[in-house]
Amino acid sequence: MRDVTGPLVLGIETSCDETGVGLVRAGTVVGQALASSVDEHARFGGVVPEVAARAHVEAMPGTVAAALAAAGASPADVDAVAVTAGPGLAGALLVGLAAAKAYALALDVPLFGVNHLAAHVAVDTLEHGPLPEQCVALLVSGGHTSLLRVDDLARGELARLGSTVDDAAGEAFDKVARVLGLPFPGGPPIDAAAVGGDPAYVHFPRGKGSDATFDFSFSGLKTAVARWVEARERAGEPVPVAHVAASFREAVADVLSAKAVVACQDAGVGTLVIGGGVAANARLRTLAEQRCERAGVTLRVPRPSLCTDNGVMVAALGAMQAAAGVTPSPLDLSADPGLPLGGRAA
Ligand code: KG4
Ligand code: ZN
């Protein structure tokens, strides 16, 4: 094992279609493994909960073994187990919880049930070190889009500044990809298709971009793209996929980064953290970097592989909770599919 000291925390993530297992020690990734059932869902254009849950059952033992092997560790080296307790798909969450409880019980180590959304923020500490006393987080995933003021992540002290009033940003990527005939999940193929496209080719609407709140809306944007593509098809004209992908991506990145910077200024906070699958988006990363630099805000975005669901994000938050003296979870901890931001499962 690598030469770092501190408790070794095993993190298990099964809220959606990725079986993620990670090992973290002293704020460092020491091993991780990931299995995904994404190919089994692709033809449905979205994640099928029962298929995801079964895939987690099959993948769990091998993924835990692979993460331990990558860390050069054995189960007996694990000092604490962290697991996503919510939000997410009920059946999928239950598989991770069952596995985590079994490891915690068998190894006689504490169990920490963690909030998936907070874990998307916590993962940044593995790349950029401890968070400052206060920061603003832009959380952009397949199911959530929110701006938060983060006061104490380990204790779930977060203030919601704004959220999407309809679709999540990732959901918009997934739906627009379908309209453009690109595969699921839509974020990566749209990012790839947009390279070489003109972001100013179509000026798509920036939902809630001009109102004074920190709320977002992506459903009108999704519909605008669909209408635009339909009109082209009806006219028998080819759809310029690269231009549409670039224009759509620009609209999302524009409104997200603009509101995030204003939220920092409004809250008097000097650091912005972006987390969640959509934080892997190349244009969002570039535009946020430019705008933060201009506004004197420090931007922290984890590397793309840490933005999408994984096990080390869960281990990172579990380790933060253990270090902060948070009471471990009971072994009858329940899955909470609707766990709110800042909420802790019981
Ligand atoms: O955080 P995540 O892995 O799972 C949830 O907690 O939802 O986020 C998945 C979402 C999907 O909607 C996917 O299309 C989007 O993140 N995504 C991206 C990119 N990579 C993943 N969206 C835009 N650009 C990307 N490069
Ligand atoms: Zn996620």
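The rules behind these values
Residues numbered from 1 in each chain as written. Chains lettered and ligands numbered in written order. Predicted model: local features only at pLDDT ≥ 70, side-chain atom pairs only at ≥ 80, totals over all residues. Heavy atoms only, no water. Axes fitted to C-alpha atoms, helices over the stretch in contact; angles between N-to-C directions. Helix = DSSP H or I, 4+ residues; strand = E, 2+ residues; numbered from the N terminus. Parallel < 35°, antiparallel > 145°, perpendicular 65-115°, else oblique. Contact = heavy atoms within 4.5 Å. Nonpolar A, V, L, I, M, F, W, Y, C, P; charged D, E, K, R; others polar. Buried < 20%, exposed > 50% of the residue type's maximum accessible area, 1.4 Å probe, protein only. 1 Å grid on protein atoms, 1.4 Å probe; cavity = no way out; pocket = protein on both sides within 12 Å on 5 of 7 lines; lining within 4 Å. Points joined across faces, edges and corners; volume = space filled by probe spheres on them. Domains from an automatic or database assignment. Salt bridge = Lys/Arg side-chain N within 4 Å of Asp/Glu carboxyl O.

1. Description of the packing of helix 6 (residues 169-179) against helix 9 (residues 241-267)
Consideration 1: Here helix 6 crosses helix 9 at 175°, and the two axes come no closer than 11 Å. As the angle between them shows, helix 6 and helix 9 are arranged roughly antiparallel. Taking contact as the criterion, the partners of Ala169, Ala172, Phe173 and Val176 in helix 6 are, on helix 9, Phe248, Arg249, Val252 and Leu256.
Consideration 2: Grouping the constituent residues of the contact of helix 6 with helix 9 by class yields seven nonpolar, no polar and one charged.

2. Brief notes about unusual backbone geometry
Consideration 1: In the segment running from Gly86 into Pro87, the intervening peptide bond is cis, with an omega of -10°.
Consideration 2: Of the consecutive residues Phe184 and Pro185, the connecting peptide bond is found in the cis state with omega at -10°.
Consideration 3: Among the structural elements, Pro185 can be located in the loop between helix 6 and helix 7 (187-194).
Consideration 4: A positive phi angle, near 50°, is found at Ala26, a position not held by glycine.
Consideration 5: Its identity as a non-glycine residue notwithstanding, Lys208 has a phi of 65°, on the positive side.
Consideration 6: On the basis of relative accessibility, which here comes to 32%, the residue Lys208 falls in the partly exposed class.

3. Focus: the layout of surface pockets
Consideration 1: Of the pockets and cavities examined, the largest pocket occupies roughly 990 Å³.
Consideration 2: The wall of the largest pocket is formed by 37 residues, among which Cys16, Ser141, Gly142, Gly143 and Asp174 lie closest to the centre.
Consideration 3: At the level of secondary structure, the elements contributing two or more residues to the lining of the largest pocket comprise helix 4 (116-122), helix 6, helix 7 and helix 11 (304-307).
Consideration 4: Among the elements that make up the lining of the largest pocket, the one with the highest residue count is helix 6 (five residues).
Consideration 5: Partitioning the lining of the largest pocket into residue classes produces 14 nonpolar, 16 polar and seven charged.
Consideration 6: Two domains each donate at least three residues to the lining of the largest pocket, and these are domain 1 (8-123 + 310-323) and domain 2 (131-304).
Consideration 7: Lining the second largest pocket are 23 residues, with Thr125, Pro130, Ala319, Met320 and Ala323 sitting closest to its centre.
Consideration 8: For the lining of the second largest pocket, the elements supplying multiple residues, two or more each, are helix 5 (125-128), strand 7 (145-152) and helix 12 (311-323).
Consideration 9: Of all the elements, helix 12 adds the most residues to the lining of the second largest pocket, at four residues.
Consideration 10: By residue class, the composition of the lining of the second largest pocket is 16 nonpolar, four polar and three charged.

4. Topic: the pattern of salt bridges
In a structure, side chains of opposite charge can pair up when their charged atoms sit close to one another.
Consideration 1: Within this structure, the stated rule accounts for 15 salt bridges.
Consideration 2: Between Arg54 and Glu50 there is a salt bridge, with its nearest N and O atoms 2.8 Å apart. Separated by four residues within a single helix, Arg54 and Glu50 lie in helix 2 (residues 49-71), roughly one turn from each other.
Consideration 3: When its relative accessible area of 55% is taken as the criterion, Arg54 is described as exposed.
Consideration 4: With its nearest N and O atoms 2.6 Å apart, the salt bridge here joins Asp191 to Arg249. With a gap of 58 residues between them, Asp191 in helix 7 and Arg249 in helix 9 connect regions that are remote in the sequence.
Consideration 5: Owing to a relative accessible area of 14%, Asp191 belongs among the buried residues under this scheme.
Consideration 6: Overlapping salt bridges, with partners in common, bring together Asp167, Glu171, Lys175 and Lys222 in one network.

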